[in-house]
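# Tertiary structure, described
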Amino acid sequence: MELSSLFDNLALGFSVALTLQNLFWCLVGAVVGTAIGVLPGVGPVATMALLLPVTYYLPAEGALIMLAGIYYGAQYGGSTTAILVNLPGESSSVVTCLDGYAMARQGRAGPALAIAAIGSFFAGTVATFLIAVAAPPLTVLAQQFAPADYCSLMVLGLVTAVVMAHGSVIKALGMIFLGLLLGICGTDVNTGNLRFTFGVDILYDGINFVPIAMGVFGLNEIMANLTNKQRRDLVSSKVSGLMPTVKDLKESFGAMVRGTALGSVLGILPGGGAVLASFSAYTLEKRISKTPEKFGTGMIQGVAGPESANNAAAQTSFIPMLTLGIPSNAVMAMMVGGMMIHGIVPGPQVMTEKPGLFWGMIVSMWVGNLMLVVFNLPLVGIWVKMLMVPYRLLSIAILFFCCIGVYSLNNSADEVLLIAFFGVAGYLFVKLDCEPAPMLLGFILGPLMETYLRRAMLLSRGDPYVFVERPLSLAFLIIAAVLLLMVILPFIRRAREKAFVEEG
Amino acid sequence: MTSLLGLAAPAVLGGRLANAQAAWPTKPVKLILPYAPGGSTDFIGRPWADKLGQAFGHPFVVDNRGGASGAIGVEAVAKASPDGYTFLLTPNAPLTVLPHLRKLAYTLPKDLVPVCRVGDLVCGFTIVPSLGINSIAELVAYAKKNPGKLAFGSAGPGTSTHMRIEALKAAAGIDILHVPYRGSADALNDLLSGNVQLMNEIIVIPHVRSGKLKLLNVNNAIRHPEFPAVPTLAEAGYPGIDVPVWYSVWAPAGTPKEIVAAFNAKVTEIAATDDMKARMQAINVVVPLQKPDDISAHWAQDSAANAKLIREAKITLD
Amino acid sequence: MNGGSTTRAGKQQSHDSNAMIGADDEPPRGIRSGQDLLCGAMFALIGAGALWVGRDYPMGTPLRLGSGVFPWLLSWGLIGVGAIVFVRGLLTDGPRLTGWAWRPVILITLAAICFALLIEPAGLVVSMAVLMGLGALAGDGHRPRELSIFLAIMLVLGVGIFIWGLGMPIKVFPWN
C-alpha cells in the first residue's frame, strides 16, 4: 500500500473515530467490556448477543465501534480476574493465571495487573497498525493454510503445552490426553454421531470451556485456600508496590515484543488463534529464559508475553472478518451479525464501499485501547484493595460469580452441575500433582485438531503423506518434534541417573 | 435445561389457561433458536423477536439453544409446556431433513404445531473460477470426466448446504466429494483458497460480486434480481430440487389455537411495514406469508422430498 | 487415603489445620509414591473406560476417518501414560498422598449443586441465599454481623447486575 494513501486512510479513520458520538460509543463498549470481562464466566459473546438488537438503533459506525470495544475491553478485564483470583474467564487468559496469580500471592498483584494492561496496550497498538498497513497481504498469508497445515500447527500447539508444564512432563502429557478426550465429547462434526455423551442431552453439544475452567481453577482454588490458612493468608497479607518497577518493565519489554509478534500472526488464523498465541508466547518465554524453572512462581515475563499475545491476536482476528467477511471465532460472528443488522454484508467490498466505516473502526480500536489503559492503570489500586477483603468472604463472592456466570452462558442449570463436577476433579488433580493448564489446552485444541486431521485426509483422498509433503505442515511437525525432544531428553537422562543411583 | 431439571416446568395450565388467552401475552415470551448466536438464524430471528416484542408489549426473549444440528433446541420446545410462552424459530433442516437421518427425541407433526413462516433464504451453487466452469451443464460434464476430483464444502451433514448438492449429484449422476465444516463461514474460508471447489451458500454473494467466486444458479423459482443472467436450477435443467432454506415459527403441540392465530396475524402485520421489509431485504430474505395449515402442507411436502432423496442417494451421517 | 485408619479426632485436625497433616504417616510397604500410583491408575482407568464406551464408534476408512479413530488413539495414549506413571510410583520414591480436606470440598460442591437445582424453580434470591450460606459454612472464622451485611450486599449486587444490568431471563423470587 502507498504510504500517502495509508495516511489519507488513517486520517479518514480518525475523523470518524474521534467524533464525539463515536468516542462515546467506544467508551461505552470498552467500559461494558471491562466489566463483563472482570465478571468470571460472563463473556463477550453472550453480552454482544444481548446488545445486538440494541445496536439496530445506533448508526452503523457507532454500533460496530461499541461491539469491538466490548471485545477488547473483555480481554483487559479477563486478565484482571485471572491475576487476582485465579479465574480464567476466557480461554486465552488461562496462562495468565499461572504466573499472574503467583505474583498476586506474593503481594505483587499491582505490578502484574499493570504489566498486563501495558502489554495489552503495546500489543493493541502494534496490531492495529498492522491491520491498517498489511491487512490484505496478511489475508493472503492466512489462505496459504490448508487443513493439513492447521492439523500440524495444532500438534505443535499441544507440544507447547508439554513444555509449559513446570512439574512432571509425563503427567502433563496425561492431562493433555485427558483434555483432548473431554474436547471430543459431544456431536461429531463430520458425521453427527454422538460420542461420550452418556445419554445426557447437555453433553450433545460438547462441554463448554467455561464450566471446566471455572471448576478446575476457580472452585478448586477456593477449596484449597479454605483448607489451608497459610496459603490463604498469602493472598491478602502483604502488598508491595502498585506499579511495576523499572526492573519489571525492562524484564517484560522483550516478552511484550515477542508476544505481540506471535499473537499478530496466530490471530489471523481461524479457530484457536488467540489461545494458541497466549500458550505459545508463554512457552517461548519459558524456553528462552535463563531461569525456566522459575516459571509458574511469579515471573513477570509469564504475564507480559501471553497478555501481549492474546491482545494482539484479538486485534488481528478482525483481519479475515474485515477483508473476507469470514468470522474466525464466535466474537467475530457477532460482529458480522452487527454488520448484517445494518445491511452491510461483510466482505472484501466493505473497504472500498464504506471506507469511513472500515477505517473508523480500525482507528477506534486504537483509541479504545488507549482509553482502556488510561482507566485500567488507576483501577489497579482499587482491584488490589479488593484482595484486602477477608478471604472467607471473598470466597463466597467468587463462588457466586462462578455459578451465575456459568448459568448465564446458555441459561442452563445443568452447566452449573458441570462446574461442581470439575471443581471436585480439579481438587483431585491438585492432590495428584497434575496441572490443569495443559488439560485445558488439549480441551480447546482437541476438536480442532481432529476436524483438521479428518478434513486433510478427505481432501488428500486418504493419503497421509499430505502432512509431510506440504512445506508448512512439515515445518510445524519438525519444530514440534525438536521441542518435544528438548523437553524429554533431559527428563530421560535424569530418570536414568536416578535409576543408577538407586541401584548403586 | 428442563429435561434434567423437570421441576422447572411452570405449573400453570389447566383452568387458568382459558382466561389467559384473552390477554396473551402477559409476560415475556421465549423464542428459542436452535443454533449458536451469530448465524443466519439469528439474523432472521432477532429482528422478528424485536418487532414482535414491540407489537405485543412484552419482550420476546431470544434463547440460543445450539447443538446437534439444531435437534437440542427443537427438542426443548417440543417438550416445553404449551402455554403460549415458548416458541421455536428454525430453518427447515431440523424439521424436514434431520428426522430422516437420525433418531430424535421429537416427532412431527405430533410434538409441534406451525405458527407462521418468517422468511426464505435463497441460495445458489458457487464455484471457484480457476476451473473455468461457467454453468451447471459444464459442472456436470467436468464431474463426469473427473469423478471424485471435485469437492464441495457444507455447513455440516444434514444441513441445506449439504442436501441440495447431494440432490444435484443424485439427479445428474455425478460424484463430488462432500467435506463437512462447522458452519458456513468455516467452509467459505476453504472455498476461497480453493481447498474445496463448490458450495451452496448465500453468504458468498459479496465474493461473487468481487469476482472471486462464480455463481452458477439460484435455488429458487425465480432469478435473483441482482444477477439476472444467472439461471434458476430448473432452467439449468434440474427441476424439483431447488428448495430454498425456509424459516418458520413453531409452538409445542397443544398451544391454544387463539394464541397461534394472534401470533400469525401479527407477523402478517409486521411483514407489511417498510422497516421490516428493509431489514429483511438487507439480508437477502423474502417473507412468504402463510397460514398454519399451509405450513403443515409445505412441511409434509419438503419432508417427503428429503426422505426420498436420503433414501435414493443413500445419504448417511457416518 | 492414608488417613483411612486415623481416629475421628485425627481427621478433624487434618481439616482445620494445614494440609500437610498426614505426611508423617508411614506409607504401606512396597508403595514408594502413593500419589503417582493413584494418578497412574486414574489415567489408565479413564483411558480404559473411554476405550470401552467408544468400542462401537466406527473407524471409517483412511479417506473418511470415522468418529472412532481419535477416541481410540487418545484412550490408548491415556492408558500408556497411566501405566508409566503407575510403574514409576512402584519403582521410585515420590510424594505420598496427604491430608484430604473434605469439609470445604463437600460444602462448596454441594453449594454449586443446590444453586443449579434451585435457580430455575426458586429464582435468584433463594438460590443465592442457599449458595452463599453453604459457601459460608465451608469457611471459618465468620463474624455474624459482618457476614450478614456482606450477604445482603451480595444479594443486591447479584440482582442488580444480572437481572437489571444484563437482563437475564430468570426469576428474582419464587413467586415471580
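If you're wondering where the values come from, they're calculated on a predicted model, not measured in any experiment. Per-chain numbering applies: the sequence of each chain, read as written, is numbered from 1 onward. Chains and ligands are labelled by the order in which they are written, letters from A for the one and numbers from 1 for the other. Under the rules for a predicted model, residues below a pLDDT of 70 receive no local features and side-chain atom pairs below 80 are neither given nor counted, while totals for whole chains, interfaces and linings still include all residues. With hydrogens and water stripped out, all remaining heavy atoms of the structure feed into the side-chain values.

### Re the overall build of chain B
Secondary structure elements follow DSSP: runs of H or I no shorter than four residues count as helices, runs of E no shorter than two count as strands, and numbering proceeds from the N terminus. Summing up its helical and strand segments, chain B has eleven helices and eleven strands in all. Over its C-alpha atoms chain B spans a radius of gyration of 20 Å, differing by no more than 12% from the 20 Å that the globule rule assigns to 318 residues. By principal-axis analysis of the C-alpha atoms, chain B measures approximately 70 × 45 × 30 Å. Residue exposure (1.4 Å probe, protein chains only): buried if accessible area is under 20% of the type maximum, exposed if over 50%, otherwise partly exposed. Looking at chain B as a whole, 59% of its 318 residues are labelled buried. Every radius of gyration here is taken over C-alpha atoms, with the globule rule written as 2.2 Å times N^0.38, N being the number of residues.

### Some remarks on the sheet that holds strand 10 (residues 245-252) of chain B
All names here are of chain B. Here the rule is simple: two strands pair whenever DSSP picks up at least two bridges between them. Taken together, the six strands give an open sheet; going across it, the order is 2-1-3-10-4-11, and neighbouring strands pair in mixed fashion. What marks the edges here is a single partner per strand, and that holds for strand 2 (60-64) and strand 11 (285-286). Throughout, a contact is declared for two residues whenever any of their heavy atoms are within 4.5 Å. Inter-axis angles, ranging from 0 to 180 degrees, are taken between N-to-C directions of lines fitted to C-alpha atoms, where helices are fitted over the stretch in contact. Against the sheet, helix 3 (residues 71-78) makes contact with strand 1 (29-33), strand 3 (86-91), strand 4 (112-121) and strand 10, and its axis sits at roughly 150 degrees relative to strand 3, the strand it touches most.

### Focus on the pattern of salt bridges
The salt bridge criterion pairs a side-chain nitrogen of Lys or Arg with a carboxyl oxygen of Asp or Glu, the two atoms within 4 Å. Summed over the entire model, instances satisfying the criterion amount to 23 salt bridges over all chains. Residues aspartate 149 of chain A and arginine 470 of chain A are paired through a salt bridge, measuring 2.9 Å at the closest nitrogen-oxygen approach. With aspartate 149 of chain A in helix 7 (residues 147-164) and arginine 470 of chain A in the loop between helix 21 (466-469) and helix 22 (471-503), the pair connects residues that are 321 residues apart, well separated along the chain. Among the residues examined, aspartate 149 of chain A registers a relative accessible area of 0% and is labelled buried. Arginine 470 of chain A gets classed as partly exposed once you look at its relative accessible area, which sits at 28%. Between glutamate 166 of chain B and lysine 169 of chain B there is a salt bridge whose closest N-O contact spans 3.5 Å. Of this pair, glutamate 166 of chain B and lysine 169 of chain B both sit in helix 6 (residues 160-172), three residues apart, which is roughly one turn of the helix. Of the two residues, glutamate 166 of chain B and lysine 169 of chain B, neither departs from the other in class, the shared state being buried.

### Thoughts on unusual backbone geometry
Put simply, leucine 108 of chain B and proline 109 of chain B share a cis peptide bond, and its omega is 0 degrees. Following the sequence through the fold, proline 109 of chain B ends up in the loop between helix 4 (93-96) and strand 4. One non-glycine residue, phenylalanine 196 of chain A, adopts positive backbone phi at about 50 degrees. Relative to the elements of secondary structure, phenylalanine 196 of chain A occurs in the loop between strand 2 (194-195) and helix 9 (209-227). The exposure class assigned to phenylalanine 196 of chain A is buried, which follows from its relative accessible area of 8%. A positive phi angle, close to 65 degrees, is found at aspartate 433 of chain A, a residue other than glycine. Overall, aspartate 433 of chain A belongs to the partly exposed group, its relative accessible area being 43%.

### Overview of a nonpolar patch on the surface
All names here are of chain A. Without a salt bridge and with relative accessible area above 30%, a residue can belong to a patch; like charges are then joined within 9 Å and nonpolar side chains (Val, Leu, Ile, Met, Phe, Trp, Tyr) within 5 Å. The method behind every accessible area is Shrake-Rupley, applied with a 1.4 Å probe, and residues are considered shielded solely by the protein chains displayed. A cluster of nonpolar side chains, namely Tyr465, Val468, Leu474, Ile478, Val482 and Met486, defines an oily patch on the protein surface of about 540 Å² accessible area. In terms of residue count, helix 22 provides more of the nonpolar patch than any other element does, four residues in total. Mapped onto the fold, valine 468 is located in helix 21.

### Structural notes on the environment of glycine 183 of chain B
Residue and element names in this part refer to chain B. Inspection of the secondary structure assignment puts glycine 183 in the loop between strand 7 (177-180) and helix 7 (184-192). Distance from glycine 183 to proline 109, taken between C-alpha atoms, is 28 Å for residues 74 residues apart in sequence. Sequence-distant contacts of glycine 183, defined by excluding residues within four places in its chain, comprise Ser154 and Ala155.

### Examining helix 5 (residues 136-145) of chain B
Residues and elements named next belong to chain B. Of the positions making up helix 5, those classed as buried are Ile136, Leu139, Val140, Tyr142 and Ala143. What you see down the axis of helix 5 is that its buried residues fit within an arc of 165 degrees, all on one side. Opposite the buried face of helix 5, by more than 90 degrees, sit the exposed residues Ala137, Lys144 and Lys145. Buried-residue contacts for helix 5 involve strand 5 (125-127), helix 6 and strand 8 (198-200). In this context, the arc is that of the directions from the helix axis out to the C-beta atoms.

### Remarks on the environment of leucine 215 of chain B
Residues and elements named next belong to chain B. Position of leucine 215 relative to the elements: it lies in strand 9 (residues 214-215). Counting along the chain gives 179 residues from leucine 215 to alanine 36, while the straight-line C-alpha distance between them is 28 Å. With near-sequence residues (within four places) excluded, leucine 215 lies in contact with Gly124, Phe125, Thr126, Val208, Phe227 and Val230.

### Things to note about the side chain of glutamine 197 of chain B
Residue and element names in this part refer to chain B. Its place among the elements puts glutamine 197 in the loop between helix 7 and strand 8. Among the residues examined, glutamine 197 registers a relative accessible area of 13% and is labelled buried. Pairs of N or O atoms within 3.5 Å make up the polar contacts considered here, provided that, within protein, one atom can donate a hydrogen while the other can accept it, and that residues adjacent in sequence are counted only when both atoms are side-chain atoms. In terms of polar contacts, glutamine 197 uses its side chain to reach the backbone amide nitrogen of alanine 151, at 2.7 Å.

### Some remarks on the state of the cysteines
In this description, the term disulfide denotes a pair of cysteine sulfurs within 2.5 Å. With the rule as written, the count across this model stands at zero disulfides over all chains. Left unpaired, cysteine 114 of chain C is separated from the closest cysteine sulfur, that of cysteine 403 of chain A, by 10 Å.

### Comments concerning the confidence of the model for chain C
Residues and elements named next belong to chain C. Known as pLDDT, the predictor's confidence for each residue is given on a scale from 0 to 100. With 81% of its residues at a pLDDT of 70 or more, chain C has an overall mean of 79. Contacts of residues 1-29 to residues separated by more than four positions or lying in other chains number 29 contacts, the stretch itself having pLDDT below 50. Confidence metrics for the complex model read pTM 0.81 and ipTM 0.79.

### Description of the nonpolar core
In this text, buried Ala, Val, Leu, Ile, Met, Phe, Trp, Tyr and Cys residues form a nonpolar core when linked through side-chain atoms within 4.5 Å. In this structure, Phe318, Met335 and Phe400 of chain A together with Phe87 and Phe263 of chain B are the most contacted members of the largest nonpolar core, which totals 277 residues. A per-element tally of this core places helix 4 (residues 102-138) of chain C first, with 16 residues. For phenylalanine 263 of chain B, the contacting residues outside a window of four places in its chain are Trp24, Leu52, Phe56, Phe60, Phe87, Val115, Cys116 and Val249 of chain B. Val97, Ile133, Ala143 and Ala172 of chain B belong to the second-largest nonpolar core, a separate cluster that totals 29 residues.

### Side note on the pairing of strand 3 of chain B
Residue and element names in this part refer to chain B. Taken across its six residues, strand 3 has six buried, putting it largely inside the fold. Side chains of strand 3 alternate between two faces, with Thr86, Leu88 and Thr90 and Phe87, Leu89 and Pro91 buried alike. The sheet contact formed by strand 1 and strand 3 spans three bridges and is parallel. When the sheet's bridge partners are listed, lysine 30 is paired in strand 3 with threonine 86. As defined by bridge partners, strand 3 adjoins strand 10 across four bridges and the pair is classed as antiparallel. Residue threonine 90 lies in a different strand from strand 10, and its bridge partner there is serine 248.

### Some remarks on the sheet that holds strand 9 of chain B
Taken together, five strands build an open sheet; the order of strands is 7-6-8-5-9 (chain B) and the sheet is mixed. The outermost strands of the open sheet, each flanked by one partner alone, are strand 7 and strand 9 of chain B. Of the strands in this sheet, strand 6 (151-154) and strand 7 of chain B are in contact with helix 20 (residues 436-459) of chain A, which crosses strand 7 of chain B at around 165 degrees. Its contacts with the sheet place helix 6 of chain B against strand 5, strand 6, strand 7 and strand 8 of chain B, and it is angled at close to 150 degrees to strand 6 of chain B.

### Here we look at the interface of chain C and chain A
Interfaces are often sized by the amount of accessible area the parts lose when they come together. On the chain A side, the residues contacting the 76 residues of chain C number 68 residues. When chain C packs against chain A, close to 6,100 Å² is buried across both sides, 77% of that on carbon and sulfur atoms. Of the charged contacts, one joins arginine 392 of chain A and glutamate 146 of chain C as a salt bridge, the two residues approaching to 3.1 Å between their closest N and O atoms. Joining chain C to chain A, the criterion identifies seven residue pairs in polar contact (both at pLDDT 80 or more). Secondary structure elements with two or more residues in the side of chain C that touches chain A: helix 1 (8-16), helix 2 (34-53), helix 3 (69-91), helix 4 and helix 5 (144-165) of chain C. By convention, the term buried area covers the 1.4 Å-probe accessible surface removed from two parts as they join, with the contributions of both added.

### Observations concerning the confidence of the model for chain B
Residue and element names in this part refer to chain B. Across chain B, pLDDT averages 83, with 92% of residues at or above 70. Within chain B, no element has a lower average pLDDT than helix 1 (residues 16-22), which sits at 45, and none a higher one than strand 3, at 94. Note that residues 1-21 has pLDDT below 50 and, in this model, 27 contacts with residues that lie over four places away or in other chains.

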